[in-house]
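Architecture and fold: a report
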Number of protein chains: 2
Amino acid sequence: MAQNFVLVIHGGAEDKTREDISPEKEAGYRKGLEEALDAGYQILKAGGSAIDAVEAAVISMENNPLFNAGKGGALTIKESHEFDAAIMDGKTLHAGGVAGVKSVKNPIKLARTIMEKSEHVLIGGDGATAFAKEHNLQIVPEAYFTTEEKLEDVKKQKQNQLKHTSKDTVGAVALDIHGNLAAATSTGGLTGQHEGRIGDSPIIGCGTYANNEVCAVSCTGDGESIIRGTVAHEVYALVKYKGLSITEAAAQAIRLYKDKIEKDRNLIALTPNGDIAMEFETELMFRGYRKGDEAPYIAIWED
Amino acid sequence: MAQNFVLVIHGGAEDKTREDISPEKEAGYRKGLEEALDAGYQILKAGGSAIDAVEAAVISMENNPLFNAGKGGALTIKESHEFDAAIMDGKTLHAGGVAGVKSVKNPIKLARTIMEKSEHVLIGGDGATAFAKEHNLQIVPEAYFTTEEKLEDVKKQKQNQLKHTSKDTVGAVALDIHGNLAAATSTGGLTGQHEGRIGDSPIIGCGTYANNEVCAVSCTGDGESIIRGTVAHEVYALVKYKGLSITEAAAQAIRLYKDKIEKDRNLIALTPNGDIAMEFETELMFRGYRKGDEAPYIAIWED
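Report on the accompanying structure. (Residues numbered from 1 in each chain as written. Chains lettered and ligands numbered in written order. Predicted model: local features only at pLDDT ≥ 70, side-chain atom pairs only at ≥ 80, totals over all residues. Heavy atoms only, no water.)

What follows concerns the overall build of chain A. Assigned secondary structure in chain A consists of 8 helices and 13 strands. Relative to a compact globule of 303 residues, whose C-alpha radius of gyration would be 19 Å, chain A shows 17 Å and is just as compact. Dimensions of chain A, computed from the C-alpha atoms along their principal axes, are close to 55 × 45 × 40 Å. Across chain A, every contact between residues at least 6 apart in sequence was considered, and the portion connecting residues at least 24 apart equals 68%. Side-chain charges in chain A split into 33 positive and 45 negative, and the spacing between the mean points of these groups amounts to 2 Å. (Helix = DSSP H or I, 4+ residues; strand = E, 2+ residues; numbered from the N terminus. Rg over C-alpha atoms; globule rule 2.2 N^0.38 Å. Contact = heavy atoms within 4.5 Å. Lys, Arg positive; Asp, Glu negative; His and termini not counted. Charge placed at Lys NZ, Arg CZ, Asp CG, Glu CD.)

What follows is the structure in structure tokens.
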């Protein structure tokens, strides 16, 4: 098939209704999604790789203060920033992840550098920052990440006055013209989380997974629920062994063991055929996709 | 069925032949496995829970300098100790994990405390040590963990003279008389690993997984390969969706995508019926099990 390339992105899932987000802010989110989608799409259109496309889309959202990743990352209970991210190449099953890293401008670039330059898959904390410095990635002062909005959030959260705890994530899955799948996910974590808390994003099989034969998945939502449900790999299993379509698999995977795992699991997924799933249980998921010569699709709430 | 309770343990998998381990050391390993097996078995026999049994078995091996976990943990390239561990309750799908923690005598106790007392599943680095202190777990000086043998290993490794890099793990899976499954895994990591490297052990779905409906799994071997293969959850998927027996699922899971994931993946697994798998690709896996009124089984190499 000619020109079968697809990029799907998400900018997090939240329990905010249309009333909770101002028109100005909504316009900002839509613009941010468009920019991220375009950053990855242009790579795919030029014949570039899925792994380059997902990285570019995630970098775009990491640099945008509206999203809870990189620049706009949530603050921990200690009012510091700790980032989780992972990337996986569906062709080679190589992966790289970073957990609880500080001071690295683009955690997804560090995840990719770990995938390509380290014998390890996952590196955490100060060791991850050290690895970033060894490989000349951009280090920024703590102040770079501190937006007034997120600082206000953690202060309210400490007083139990925060209505919506930030638990967003950004992510992308892509299929390139060479038939390769890739997935990338990046987050600033939960507002007010315990120092050192690691969510699902950097965990292969939970928040991030890609395998050329089956699917690519990136999750967002309650990280603990996503880990306990091993959500990304559950989607893979339901497609591969139960023969479900990607939309059926996504719908089942986010609701599996619902009697035990109550909180929200949400995801985007993509198959080698270019079939897409964007499944969420929250009020909204910032999301979009663009396929071949089609126009871009951007959405926030259910249509 | 009456008295259907089972404990299965491993003390790591290595590429050492019978010639590589002295009869005295072999006797030490067998005694260590017997002690760990007994610590968990007595709990199950008295009607205790699977989660208590796997924790007790792992604590026994963490306290034994022969195994690469707790007391006998491998050293990082900086000659420090960093521990990974996780525990999962198959009944509730609750889980706790700790990544790259220092100074905590029994990392598996910390993992369990995170499962029970934290809203998080996984905590890493200094945040994990802080959490251990907040919950009065035993903190020990770095010197407690430093055995002469492991110090010698990392020095040889730096000179590329180490024949067998330590990448062992200890683990346990159990079925109690109430029909509950649990899994626990703990490790000192790889000899000479990069500071902050996190392996498969604390990753739910990779090194550790338990689900009453399907199986409990604990892995050991090359952590990066186990993560890339999402091995524990792959076993679950092959049993649940492909209908394989636990031995067939274990054998397939550790060899899946062998053209891409070359290094060794090894595991123990257990079903709600008490069926056992102990599958390894290395020369040896320190292992044992005890079922109901049967005598204990201990083995190192293939029989």
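On we go from here.
In this arrangement, two copies of a chain are superimposed by a rotation about an axis accompanied by a shift along the axis. Mapping chain A onto chain B calls for a screw motion: a turn of 180 degrees about the axis and a shift of 0.0 Å along it, with 0.0 Å RMSD after fitting. Expressed as a symmetry operation, the mapping of one chain copy onto the other fits a two-fold axis. In this assembly the copies share their binding face: 100% of the residues contributing to the interface of chain A also contribute to that of chain B. (Least-squares fit on C-alpha atoms with pLDDT ≥ 70 in both.)

Moving on, we get to the interface of chain A and chain B. On the side of chain B, 49 residues touch chain A, which itself brings 49 residues to the contact. Around 4000 Å² of area is buried between chain A and chain B when both sides are counted, 58% of it from carbon and sulfur atoms. Counting the contacts that link chain A with chain B gives 0 salt bridges. Linking chain A with chain B are 29 residue pairs in polar contact (both at pLDDT 80 or more). Those elements giving two or more residues to the side of chain A that touches chain B turn out to be β3 (94-101), β4 (122-124), α4 (125-134), β7 (197-198), β8 (208-211), α6 (223-228) and α7 (231-240) of chain A. Of the residues forming the side of chain A that touches chain B, the biggest block, 6 residues, is contributed by α7 of chain A. Per-class residue counts for the side of chain A that touches chain B are 22 nonpolar, 14 polar and 13 charged. Relative to strand β4 (residues 122-124) of chain B, β7 of chain A runs antiparallel, the two sharing 2 bridges. (Buried area = accessible area lost by both parts, 1.4 Å probe. Salt bridge = Lys/Arg side-chain N within 4 Å of Asp/Glu carboxyl O. Polar contact = N/O pair within 3.5 Å; in protein donor to acceptor, adjacent residues only side chain to side chain. Nonpolar A, V, L, I, M, F, W, Y, C, P; charged D, E, K, R; others polar. Pairing = 2+ DSSP bridges.)

Residues and elements named next belong to chain B. For helix α9 (residues 246-253), every residue scored as buried is listed here: Ile 246, Ala 249, Ala 250 and Ala 253. Taken around the axis of α9, the buried residues stretch over an arc of 100 degrees, which confines them to a single face. In this structure, the buried side of α9 is in contact with β9 (215-221), α8 (231-240), β10 (265-270) and β11 (276-279). (Buried < 20%, exposed > 50% of the residue type's maximum accessible area, 1.4 Å probe, protein only. Arc of directions from axis to C-beta.)

Another aspect to go through is the side chain of His 194 of chain A. Among the structural elements, His 194 of chain A can be located in the loop between β6 (181-187) and β7. Within the structure, the side chain of His 194 of chain A is placed 3.1 Å from the side chain of Glu 134 of chain B, a separation counted as a polar contact.

Below, the discussion takes up the packing of aromatic side chains. This model, assessed by the stated rule, comprises 18 aromatic pairs over all chains. Ring centres of Tyr 144 of chain A and Phe 145 of chain A lie 5.0 Å apart, and the angle between their planes is 75 degrees; on these two criteria the pair is classed as edge-to-face. Residue classification places Phe 145 of chain A among the buried positions, given a relative accessible area of 0%. When the centroid spacing of 5.3 Å and the interplanar angle of 70 degrees are considered together, the rings of Tyr 209 of chain B and Tyr 236 of chain B count as edge-to-face. Note that Tyr 209 of chain B is positioned in strand β8 (residues 208-211) and Tyr 236 of chain B in helix α8, a separation of 27 residues in sequence. Among the residues examined, Tyr 209 of chain B registers a relative accessible area of 1% and is labelled buried. In this arrangement the basic side chain of Lys 71 of chain A is found over the ring face of Tyr 144 of chain A, its NZ or CZ atom lying 4.8 Å from the centre. (Phe/Tyr/Trp six-rings, centres within 6.5 Å; stacked < 30°, edge-to-face > 60°. Lys NZ or Arg CZ within 6 Å of the ring centre and 35° of its normal.)

In an α-helix, one full turn covers 3.6 residues, which means residues spaced three or four apart are oriented alike. All names here are of chain B. Spanning 13 residues, helix α2 (residues 50-62) covers 18 Å between terminal C-alpha atoms, matching the ideal 18 Å at 1.5 Å per step. Counting buried residues along α2, 12 of its 13 residues qualify, which places the element largely inside the surrounding structure. Among the residues of α2, those classed as buried are Ala 50, Ile 51, Ala 53, Val 54, Glu 55, Ala 56, Ala 57, Val 58, Ile 59, Ser 60, Met 61 and Glu 62. At its buried positions, α2 is contacted by β1 (6-14), α1 (23-45), β2 (83-89), α3 (107-117), β5 (170-175) and β6 (181-187). (Expected span 1.5 Å × (residues − 1).)

The next point concerns the side chain of Lys 260 of chain B. Residue position: Lys 260 of chain B is located in the loop between α9 and β10. Lacking a salt bridge, the buried Lys 260 of chain B has Glu 213 of chain A as its closest oppositely charged neighbour, with an N-O distance of 4.6 Å. Side-chain polar atoms of Lys 260 of chain B contact the backbone oxygen of Lys 91 of chain A, separated by 2.9 Å. Residues contacting Lys 260 of chain B, with those up to four places away along its chain left out, are Gly 90, Lys 91, Thr 92 and Leu 93 of chain A together with Arg 228 of chain B.

To continue, consider the sheet that holds strand β10 (residues 265-270) of chain A. Residue and element names in this part refer to chain A. Strand order in this open sheet of 4 strands is β8-β9-β10-β11, and the pairing throughout is antiparallel. Because the sheet does not close on itself, it has two edges, and the strands there are β8 and β11 (276-279). If you compare each strand with its neighbour and ignore which way they point, the axes differ by 15 degrees on average. Bridge analysis of strand β9 (residues 215-221) against β10 gives 6 bridges, and the strand direction is antiparallel. Residue pairing in the sheet places Thr 220 in a bridge with Asn 266 of β10. Set on the sheet, α7 makes contact with β8, β9 and β10; between it and β9 the angle comes to about 145 degrees. In the packing of helix α8 (residues 246-253) onto the sheet, contacts are made with β9, β10 and β11, and the angle to β11 comes to roughly 25 degrees. (Axes fitted to C-alpha atoms, helices over the stretch in contact; angles between N-to-C directions.)

Here we take up the environment of Pro 65 of chain A. On the secondary structure map, Pro 65 of chain A appears in the loop between α2 (50-62) and β2 (83-89). The sequence separation of Pro 65 of chain A and Lys 263 of chain A amounts to 198 residues, and the corresponding C-alpha distance is 26 Å.

On to the pairing of β2 of chain A. Residues and elements named next belong to chain A. Summarising burial for β2: 7 of the 7 residues are buried, a large majority. Neither face of β2 is left uncovered, since the one carrying Phe 83, Ala 85, Ile 87 and Asp 89 and the one carrying Asp 84, Ala 86 and Met 88 both have all their residues buried. Examined bridge by bridge, β2 and β3 share 6 bridges and lie antiparallel to one another. The residue of β3 that forms the bridge with Ala 86 is Gly 97. Here β2 folds back onto β3 in antiparallel fashion, the turn holding 4 residues, of which Leu 93 has a positive phi close to 60 degrees. Note: β2 against β6, 6 bridges, orientation antiparallel. Bridge pairing in β6 links Ala 85 to Ser 186.

Next up on the list: the nonpolar core. One finds Val 235, Tyr 236 and Leu 267 of chain A together with Val 235, Tyr 236 and Leu 267 of chain B to be the most contacted residues of the largest nonpolar core, which totals 105 residues. In this structure, Leu 267 of chain B is in contact with Val 217, Ser 218, Cys 219, Val 231, Val 235, Ala 250, Ile 254, Ala 277, Met 278, Glu 279 and Met 285 of chain B, ignoring residues within four places of it in sequence. (Core = buried A, V, L, I, M, F, W, Y, C linked by side-chain atoms within 4.5 Å.)

Residues and elements named next belong to chain B. Burial within strand β13 (residues 297-301) is extensive, with 4 of its 5 residues counted as buried. With 4 bridges joining them, strand β12 (residues 284-291) and β13 adopt antiparallel strand pairing. Within β13, the position partnered with Leu 284 by the bridge is Trp 301. From the end of β12 to the start of β13, which pair antiparallel, there are 5 residues, and Gly 292 there has a positive phi angle of about 40 degrees.

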